[in-house]
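Chain and residue survey
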Amino acid sequence: MRAEQKKGLPGGFFLLIFAAAVLFFGVQSLTSDKEARVSFSHQVEHLTNLHLTVPEENHKIAQNEHLVTFGGRFNDKLDDESLSRFRFLELLNQNHELKNESALLLSELDSLEKSVREAAGLYLSLSGQTIPRSGYVVVGSQFDTSDKSSAVIVKEAVPVNVTLPLAYKTINLAKASLSVDSADVAFRELRELITLLRSPTLGIGNEALKTELKTLDQQLLASINHPLDQQIALYETIAGRLGYLLYDLGSEHEGIRLSSLRSVRS
């Protein structure tokens, strides 16, 4: 039996495809540098606003209610007016970006101010300070601008169960009575006071202060193994050190108090 001859595509078909491809790429190369396509009408308006086209040769042809074909001719070269108009649009865009950034920063400042008020209110309670009638100034008015008041004045403290004056009073009672119960109360009050000073609400960002508070807390925990009189003496020492830290924390530096707090610094 003879094998059937395989049928194939004629050679002329491949030549036809090759010729079509050459013609397509040839036409594309001839027209690519002379035509520009746009997808939205505002892109055409930019061409006009930037004076990139010849105004007399601009035209629009409505294809249907949703489609318009734009046509025209570009200027041969950019003139000074085109460059000035582009510079204006550049500055306008920068203006929009700066306004958006300003709005974000103002929102962030409002949030930070709430954190500052909460932290300052906690500080005032822990230190046992009496708030002046005019308020406790955290940030002075010298930071005000023409369109925003940046001063932060706190007029209310945050309620807490323990304060430094209360801890001093409890330690003095324990020192006078030398009772285990009064010493335990002094221990708990000092521990709670240190815990609040190390809390995120107050937010001390100064590393030296944070380290000292940690050391005082460790000393306080270790005191339970000491004799009662030594415990009370250590409590008195720790309370005195906390008083110094609170005083230093509230010192004014260049019109700002509580500058060691993260919220105030921010």
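Before reading further, recall that the structure is shown in the block above.
Presented here is a report on the structure given in the accompanying data block.

Rules and cut-offs
Residues numbered from 1 in each chain as written. Predicted model: local features only at pLDDT ≥ 70, side-chain atom pairs only at ≥ 80, totals over all residues. Heavy atoms only, no water. Salt bridge = Lys/Arg side-chain N within 4 Å of Asp/Glu carboxyl O. Helix = DSSP H or I, 4+ residues; strand = E, 2+ residues; numbered from the N terminus. Buried < 20%, exposed > 50% of the residue type's maximum accessible area, 1.4 Å probe, protein only. Patch = residues over 30% accessible without salt bridge, like charges linked within 9 Å, V, L, I, M, F, W, Y side chains within 5 Å. Areas by Shrake-Rupley, 256 points an atom, 1.4 Å probe, with all protein chains shown as cover. Phe/Tyr/Trp six-rings, centres within 6.5 Å; stacked < 30°, edge-to-face > 60°.

As a working rule, side chains carrying opposite charge can pair if their charged atoms are close by. Going through the model one piece at a time under the given rule, you end up with twelve salt bridges. One salt bridge connects Asp217 with Arg191, and the closest N-O pair in it is separated by 2.6 Å. Note that Asp217 is positioned in helix 6 (residues 207–222) and Arg191 in helix 5 (residues 180–197), a separation of 26 residues in sequence. For Asp217, a relative accessible area of 8% puts it in the buried group.

On the surface, Phe88, Leu89 and Leu92 cluster together to form a nonpolar patch covering roughly 260 Å² of accessible area. Structurally, Leu92 is set in helix 3 (residues 80–127).

So, on to the packing of aromatic side chains. Applying the stated criterion across every chain, the model contains two aromatic pairs. Their ring planes at 40° and their centres at 6.3 Å tell us that Tyr123 and Tyr136 sit as a pair that is tilted. Separated by 13 residues along the polypeptide, Tyr123 in helix 3 and Tyr136 in strand 3 (residues 136–139) bring together distant segments of the chain. Judged on exposure class, the residue Tyr123 and its partner Tyr136 are both buried. Here Phe187 and Tyr235 contribute two aromatic rings whose centre-to-centre distance is 6.3 Å and whose plane-to-plane angle is 50°, an arrangement assigned as tilted. In this pair, Phe187 is assigned in helix 5 and Tyr235 in helix 7 (residues 228–249), connecting sequence segments 48 residues apart.

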